[in-house]
Amino acid sequence: MSRSLPAPSLAPLIASLWLACAATIAHAEPMTDVHALAQKEQQPLLDTLRDLVSIESGSKDIDGLNQIAERVAGQLKQLGGTVEILHPTDVYRLDDTPETIGPAVHAVFKGTGSKKIMLIAHMDTVYLKGMLKDQPFRVDGDKAYGLGIADDKQGVALILHTVAMLQKLNFRDYGTLTVLTNGDEEISSPGWRSTITKFAADQDVVFSFEGGGTDGTLRLATSGIGSAYLTVHGKSSHAGARPEGGVNALYELSHQVLQMKDLSKPEQGLKLNWTVSKAGTNRNVIPADASAQADARALKVTDFDELQKALQEKIKNRLLPDSRVELKFEVRRPPLEANDASRRVAAYGKTIYGEIGLSLKVDEKATGGGTDAAFAALKTSGAVVEGMGLSGFGAHSNDAEYVQINSIVPRLYLATRMIMDLSTGKLK
């Protein structure tokens, strides 16, 4: 009686085929026309970056901001966009908001598809007028230096040349491609936060072109920044002859600060720290007024809402009934919270980088300060991805701020491919 041999297992064969397929996908060849064009676009981008850095545009330098806005608007018009230079009408007044806010440049490119994609960056810097003459744009090896070059003139230049690449590729499969560059980011965007939120509300994706740090990391979350201002009004009197005739604002301020010291919730990323205080004018006078400021950080928008309520409830408990206590809370920047849409887009970015033999880091844990991307995320259900800009270092530092030139081609390729693949449905 004959016996049949057992059939060989197909599992190892299937596994090896799957791994081979996965490897092919992971190491797919780049779209050669896009990559080649990105290489050709590197020097023009550096030229644009030189021009932008050569315009001083501190957040309070209105003349400089108008000049750089004209420069950016002109280039966007040449690329075929419907362009306007906007001036703020809805200003969220913060404690340090200047009387006049710089402009924003808004451009819309209409395509033949349905996807709505928005690109944002900011034109203002932290530097004072007159510093440029001692620290002009310069290239040293693989680094380009200049005031504001990393934060965020590289972002403006990248947007301009990403749009230029799409035009040269004759790609118009998006529905609308919206560009917004504002002139007040470094002072917490008091003039343009509401505009960013409004324009971003119906977008499928918002890409923010702040720098990607030294390693080009994409960020899906940033911490929110808030400020609390506590003001106490009492009554002055002679500290030696008649202290009982006064209402000591310093005593009341101390009471308020101490009863608010435990509002932080470090386990959920909520922090409140009182950092500045002021009271009194003379040693022998009961202080009639006192004030304090606190720095607040949060990882969720709702945490700031709850903190404000807690602060307002606390000030009802006064040490001195005759004192008057006021509290103002500012959300200087809301937190940016990662969502599933952002995760999908960023993961696809890893695939694109893999095509050119590079790895791409994505961080969905909030670190550092806030950005305008958080305003963009407030009312949209689409993806918001921060850190699309060049690799660099030294933001806000004299003669040490630079971008890495070797990150230009990868970032141009990434931004252009993201827009193309989103528009054509390759990235769902």
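A quick note: this is a predicted structure, and the numbers were derived from the prediction, not measured.

Engineer: Explain the packing of aromatic side chains residue by residue, including any values.
Structural biologist: Here the distance between the centres and the angle between the planes together describe a pair of aromatic rings. The final tally for this structure, using the stated rule, is 4 aromatic pairs. Centre to centre, the rings of Tyr145 and Tyr402 are 5.5 Å apart; their planes meet at 55°, and the pair counts as tilted. Of this pair, Tyr145 sits in strand E5 (residues 143–145) while Tyr402 sits in strand E16 (residues 402–404), and the two are 257 residues apart along the sequence. Three or more aromatic residues joined by ring pairs make a cluster, and in this case those are Tyr145, Phe393 and Tyr402. Over the ring of Tyr145 we find Arg138; its NZ or CZ atom is 4.0 Å from the centre of that ring. Directly above the ring of Tyr402 sits Lys143, whose terminal nitrogen or CZ lies 5.2 Å from the centroid.

Engineer: Outline the environment of Ser264, listing residues and values.
Structural biologist: Of note, Ser264 is situated in the loop between helix H6 (249–259) and strand E10 (271–279). Residue classification places Ser264 among the partly exposed positions, given a relative accessible area of 23%. Residues within four places of Ser264 in sequence aside, it is in contact with Leu270, Lys271 and Leu272.

Engineer: I'd like a description of the sheet that holds strand E2 (residues 104–110), backed by residues and values.
Structural biologist: Here we have 6 strands laid out as an open sheet, ordered E1-E2-E6-E3-E7-E14, and mixed in their pairing. What marks the edges here is a single partner per strand, and that holds for strand E1 (82–86) and strand E14 (383–385). Taking each pair of neighbouring strands and ignoring which way they run, the sheet shows an average axis angle of 15°. When E2 meets strand E6 (residues 176–182), the two strands line up antiparallel, connected through 7 bridges. In the strand pairing of E6, Ala107 is matched with Val179. Across the sheet, helix H8 (residues 340–355) is in contact with strand E7 (205–208) and E14; its angle to E14 comes to roughly 55°. Across the sheet, helix H10 (residues 408–423) is in contact with strand E3 (116–122), E6 and E7; its angle to E3 comes to roughly 160°.

Engineer: Pulling in residues and values, what's your account of helix H7 (residues 301–314)?
Structural biologist: Its 14 residues give H7 an end-to-end C-alpha distance of 21 Å, which sits within 8% of 20 Å, the value for a rise of 1.5 Å per residue. Within the span of H7, buried status applies to Asp303, Phe304, Leu307 and Leu311. One face of H7 carries all of its buried residues, which in axial projection span an arc of 95°. Where H7 is buried, its residues touch strand E9 (224–233), E10, strand E11 (289–298) and strand E12 (324–333).

Engineer: How would you explain the sheet that holds strand E4 (residues 138–140) if you had to name every residue and give the values?
Structural biologist: In any sheet, the strands associate via hydrogen bonds between backbone groups, in a parallel or an antiparallel arrangement. Pairing in this open sheet of 4 strands is antiparallel, and the strands run E4-E5-E16-E15 from one edge to the other. The open sheet terminates on both sides in strands that have one partner only, identified here as E4 and strand E15 (392–393). When E4 meets E5, the two strands line up antiparallel, connected through 3 bridges. Each residue of the ladder has a partner; that of Asp140, found in E5, is Lys143.

Engineer: An account of the nonpolar core is needed here, citing residue identities and associated values.
Structural biologist: Judged by nonpolar contacts, the single largest core of 70 residues is most densely connected at Val72, Leu76, Phe109, Leu119, Leu177, Phe207 and Phe209. Discounting chain neighbours no more than four positions away, the residues touching Leu177 are Ala107, Val108, Phe109, Ile117, Leu119, Val163, Leu166 and Ile419. Among the nonpolar cores identified, the runner-up in size contains 23 residues, and Leu272, Ala294, Ala296 and Leu311 belong to it.

Engineer: Give a description of the side chain of Glu355 that names residues and reports values.
Structural biologist: Counting through the fold element by element, Glu355 comes out in helix H8. For Glu355, a relative accessible area of 13% puts it in the buried group. At 2.6 Å, the side chain of Glu355 and the side chain of Tyr413 are in polar contact.

Engineer: How would you sum up the packing of H8 against H10? Please name residues and give values.
Structural biologist: Two elements in contact, H8 and H10, have axes whose closest approach is 10 Å; the angle formed by their N-to-C orientations is 125°. Accordingly, the angle class assigned to the pair H8 and H10 is oblique. Of the two possible hands of crossing, H8 and H10 adopt the one that is right-handed. Contacts between H8 and H10 involve Val345, Tyr348, Gly349, Ile352, Tyr353 and Glu355 on the former and, on the latter, Pro410, Arg411, Tyr413, Leu414, Arg417, Met418 and Asp421.

Calculation criteria
Residues numbered from 1 in each chain as written. Predicted model: local features only at pLDDT ≥ 70, side-chain atom pairs only at ≥ 80, totals over all residues. Heavy atoms only, no water. Phe/Tyr/Trp six-rings, centres within 6.5 Å; stacked < 30°, edge-to-face > 60°. Helix = DSSP H or I, 4+ residues; strand = E, 2+ residues; numbered from the N terminus. Lys NZ or Arg CZ within 6 Å of the ring centre and 35° of its normal. Buried < 20%, exposed > 50% of the residue type's maximum accessible area, 1.4 Å probe, protein only. Contact = heavy atoms within 4.5 Å. Pairing = 2+ DSSP bridges. Axes fitted to C-alpha atoms, helices over the stretch in contact; angles between N-to-C directions. Expected span 1.5 Å × (residues − 1). Arc of directions from axis to C-beta. Core = buried A, V, L, I, M, F, W, Y, C linked by side-chain atoms within 4.5 Å. Polar contact = N/O pair within 3.5 Å; in protein donor to acceptor, adjacent residues only side chain to side chain. Parallel < 35°, antiparallel > 145°, perpendicular 65-115°, else oblique. Left-handed = near helix turned anticlockwise from the far one by under 90°.

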